[in-house]
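For reference, the chains in residue letters:
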Amino acid sequence: MSTVTRPDRQSPAPHAADRHELIRVHGARENNLKDVSVEIPKRRLTVFTGVSGSGKSSLVFGTIAAESQRMINETYSAFVQGFMPTLSRPEVDVLEGLTTAIIVDQQRMGADPRSTVGTATDVNAMLRILFSRLGQPHIGSPNAFAFNVPSVRASGAITVERGGRKTEKQTFHRTGGMCPRCEGRGTVSDIDLAQLFDDSKSLSEGAITVPGYKTDGHWTVRVFAESGFLDPDKPIRDYTATELRDFLHREPTKVKINGINLTYEGLIPKVQKSFLSKDREAMQPHIRAFVDRAVTFTACPECEGTRLAAAARSSRIGGINIADACSMQISDLATWIRGLDEPSVAPLLGTLRETLDSFVEIGLGYLSLERPAGTLSGGEAQRVKMIRHLGSSLTDTTYVFDEPTTGLHPHDIQRMNNLLLQLRDKGNTVLVVEHKPETIAIADHVVDLGPGAGTAGGSVCFEGDVEGLRAAGTLTGRHFDDRAVLKETVRKPTGALEIRGATANNLRDVDVDIPLGVLAVVTGVAGSGKSSLVHGTLVKGSGDGGTEGGNGTGAAGTGIVSIGQGAIRGSRRSNPATYTGLLDPIRKAFAKANGVKPALFSANSEGACPQCNGAGVLFTDLAMMAGVSTVCEECEGKRFQAAVLEHRLGGRDISEVLAMPVTVAEEFFGAGEARTPAAHAILGRLVDVGLGYLSLGQPLTTLSGGERQRLKLATHMAEKGGVYLLDEPTTGLHLADVEHLLGLLDRLVDSGKSVIVVEHHQAVMAHADWIIDLGPGAGHDGGRIVFEGTPADLVADRSTLTGEHLAAYVGA
């Protein structure tokens, strides 16, 4: 074979396609960003740091990820876009070099009762195929093992027009895995009829006691009364058996009332559809109270809570059915799958093994596939979403993470770091908003925003590598190597909360005394049983006199104020002023100063701008195209009528007051003409929890997770409870703010409160008076008390994972 010799040449110029190695952002002004311009390297790990409220999320999520998703949505047809979320273009001059963005955030998963960890990650789909191929006896296709698919049988005559017309009898049969009794929910509801109606009254006298079912003209009650099935003036206790069945259980039936066609349906199916099909936590408080009072949920007796029909449970592989597999701890399920050797399904087994191993790697090996998705914490939900992306074949994608170390013990953070690097090494751009120094340390590139929060932030203070950040002198750089020190002396307990025989979830008959009058920290790896001990036993135990379904006894001395990580519920009209009750004294102060009604100073009441109804913006629905929102021209976004803005307090109108940051408002209401002690006290609590930079009228929907948690803390600080229970209060806190939080916790304890903190942050552990460490592992490897004592004893002991990491942290 002949070869052609070419003269030596210089290496060719880079290909034009290889020049796009950066994501360029110029002139970003979303929220508090001040004309921010940054260049982010592609196929690298970039960490965004800065205090809470400095603009990290506005830059990463509100600008880069939002524009990427908006542009992808625009590639779909107008018809498809009509079914997609509306995304407006972010406030930015130039965005270049964007790639497809996949957001892995901490939004909790939907609370649909049929959504589980297995269905959310597609592991259930793979297991169904496995059992349909290998299960004995063979009962059918993968659908036969799906608790979301009901069995269907049908038969009848069909006409086949082929040659001569011919009528044939056909039957149709589909085997599904859904339990027919509970319809795949795993629980059945038992309704207390006494809570639905008063049988001594008639319909016209208001017998139905379900919330919202009023006698005066309510259509639902009118349908019952005028349907013709029931006598509206007859007490329910005098109904015949037929009338009672029609009243409670009748199937949907068309009726005509006053010439209008309506549907009549029995009271029980109506209540089930309108109340029991919804997420309990999303209900209004009075509706939730009614459901708690009227409905008892128990494990389905037919499927024993497995959600699956008897046929699906009868098919087994090596003595294990699919319900057994889904109830196993995932680390055990991975071991069982590794033991299966069947060449006919080898590729499927390989994929299943990799996915289950990813669960273990990411620190979620303690979960089971049957765990309802709605019960996962924000951090767990984020890590479950990650599972889907780890095995993805996509490359050159931008993955955006929101504090992925939330809820992780220091032992698990290293695993998370490895997974972030793994995604990067597949050729992806990884953008992470993070406060933990362990994750900042692995970054290829760091963007530090600040210098402060709110109006004092929104600028880039530093761009470069980690060593450059350490030397940069920014707030993050100065605090990067901060380490809390162990206390020389610890407080003495004034009493104890006793927990005896706690067995909630994975707890193993735990007995523990949680000291009162001190700062007590409950810690342990993710899944070790911390929340089960504190929330499942202590909080619930205190609420009902002590015992919670056999899960142990919590002796609750004074009232317990529990501040969890649940989302604050509120519309875009809700803001810190409305949530904390601050707006009431402000409205009264304005009303008194001007001799008018307080309702005038509410944008949700009489003072609202008539054009936008107090929203400040107008929403325009463009049918199939994305809707748009524009600032109201009438009130210029101020939300109030012009006449209302003529009334002043201390020289400011109500819209100017709502635009004030908390620190400015505290000074404003603390002295002079505007002095309002009730408002000043609430503002002081907001400053105490580190929210001095928030504006009073900022919509709650724009707050970060950490800001929402601290807003709840500020609200609860006014309560009389003697025991404060906090769930990871350092979530979303910058290194510099952790020190501020420790000071706040100290002030709470010194004022006579008892503070119990469930926490992973070593600074909080080191600052504690008493530590209770659970473990030694997660799931069935945890659930025991492995240490009780002072932080100094834990460091000296080093017998637990927490002890090892705390010793390394304090340099012992």
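Please read all numbers here as calculations on a predicted model, not as lab measurements.

How each quantity is defined
Residues numbered from 1 in each chain as written. Predicted model: local features only at pLDDT ≥ 70, side-chain atom pairs only at ≥ 80, totals over all residues. Heavy atoms only, no water. Helix = DSSP H or I, 4+ residues; strand = E, 2+ residues; numbered from the N terminus. Buried < 20%, exposed > 50% of the residue type's maximum accessible area, 1.4 Å probe, protein only. Lys, Arg positive; Asp, Glu negative; His and termini not counted. Salt bridge = Lys/Arg side-chain N within 4 Å of Asp/Glu carboxyl O. Polar contact = N/O pair within 3.5 Å; in protein donor to acceptor, adjacent residues only side chain to side chain. Contact = heavy atoms within 4.5 Å. Pairing = 2+ DSSP bridges. Axes fitted to C-alpha atoms, helices over the stretch in contact; angles between N-to-C directions. Parallel < 35°, antiparallel > 145°, perpendicular 65-115°, else oblique. Left-handed = near helix turned anticlockwise from the far one by under 90°. Phe/Tyr/Trp six-rings, centres within 6.5 Å; stacked < 30°, edge-to-face > 60°. Lys NZ or Arg CZ within 6 Å of the ring centre and 35° of its normal.

Asker: Whenever I open this one, the side chain of E434 confuses me. Can you help?
Answerer: Mapping E434 onto the fold places it in the loop between β15 (429-433) and α15 (437-440). Despite its burial, E434 pairs with no opposite charge, the nearest such side chain being K436 at 5.8 Å. Reaching out from E434, the side chain makes a polar contact with the side chain of T405 at a distance of 2.9 Å. Not counting residues up to four positions away in its chain, the partners in contact with E434 are V47, F48, T49, E403, P404, T405, T439 and I440.

Asker: Would you mind going over the pairing of strand β9 (residues 253-257) with me for this structure?
Answerer: Two faces make up the sheet, and in a regular strand the side chains alternate between them. Judged from the five bridges that link them, β9 and strand β10 (residues 260-264) form a sheet pairing that is antiparallel. Bridged to K254 within β10 is T263.

Asker: Just to check I follow, could you spell out the packing of helix α11 (residues 330-338) against helix α12 (residues 346-361) for this structure?
Answerer: In helix packing, the relevant descriptors are the interaxial angle and the interaxial distance, both defined with respect to the helix axes. Where α11 contacts α12, the two axes come as close as 9 Å, and the packing angle between them is 155°. Comparing the axis directions of α11 and α12 gives the class roughly antiparallel. Between α11 and α12 the crossing geometry is left-handed. Contact residues: α11 offers I330, S331, L333, A334, I337 and R338, while α12 offers L349, L352, R353, L356, D357, F359 and V360.

Asker: Any chance you could explain the sheet that holds strand β25 (residues 723-727) here in plain terms?
Answerer: To summarise the sheet geometry, strands pair through backbone hydrogen bonds and adopt either a parallel or an antiparallel arrangement. With mixed pairing, six strands are arranged side by side in an open sheet as β22-β25-β26-β20-β27-β28. Lying at the two open borders of the sheet, with one neighbouring strand each, are β22 (560-563) and β28 (784-789). Mean inter-strand twist for the sheet, computed between neighbouring axes without regard to direction, equals 15°. Pairing of strand β20 (residues 519-524) with strand β26 (residues 754-758), which is carried by four bridges, proceeds in the parallel orientation. The partner of A520 across the bridge, within β26, is I756. Relative to the sheet, helix α25 (residues 735-750) contacts β20, β25 and β26, its axis offset from that of β26 by approximately 145°.

Asker: Just checking my understanding: could you explain the packing of aromatic side chains for this structure?
Answerer: Each aromatic ring pair is summarised here by two numbers: the centre-to-centre distance and the angle between the ring planes. Counted by the stated rule, this structure contains seven aromatic pairs. One aromatic cluster in this structure is built from F131, F145 and W336. Directly above the aromatic system of F229 lies the positively charged group of R250, at a separation of 4.0 Å from the ring centroid. Positioned over the ring face of F147 is R307, at 5.1 Å from the centre of the ring.

Asker: Whenever I open this one, the sheet that holds β15 confuses me. Can you help?
Answerer: In space, the six strands of this open sheet follow the order β5-β14-β15-β3-β16-β17, with mixed pairing throughout. On the outer flanks of this sheet lie β5 (101-104) and β17 (459-464), each paired with one strand and no other. On average, each strand axis in the sheet is tilted by 20° relative to the strand beside it, whichever way the strands run. For strand β3 (residues 45-49) and β15, the ladder comprises four bridges, and the chain directions are parallel. Directly across from T46, in β15, lies its bridge partner L431. Along the sheet face, helix α1 (residues 56-73) touches β3, β5, β14 (398-402), β15 and β16 (445-450) and points at about 130° away from the line of β5. Packing of helix α13 (residues 378-390) onto the sheet brings it into contact with β5 and β14, and relative to β5 it is tilted by some 145°.

On their own, these measurements won't tell you what the molecule is for.
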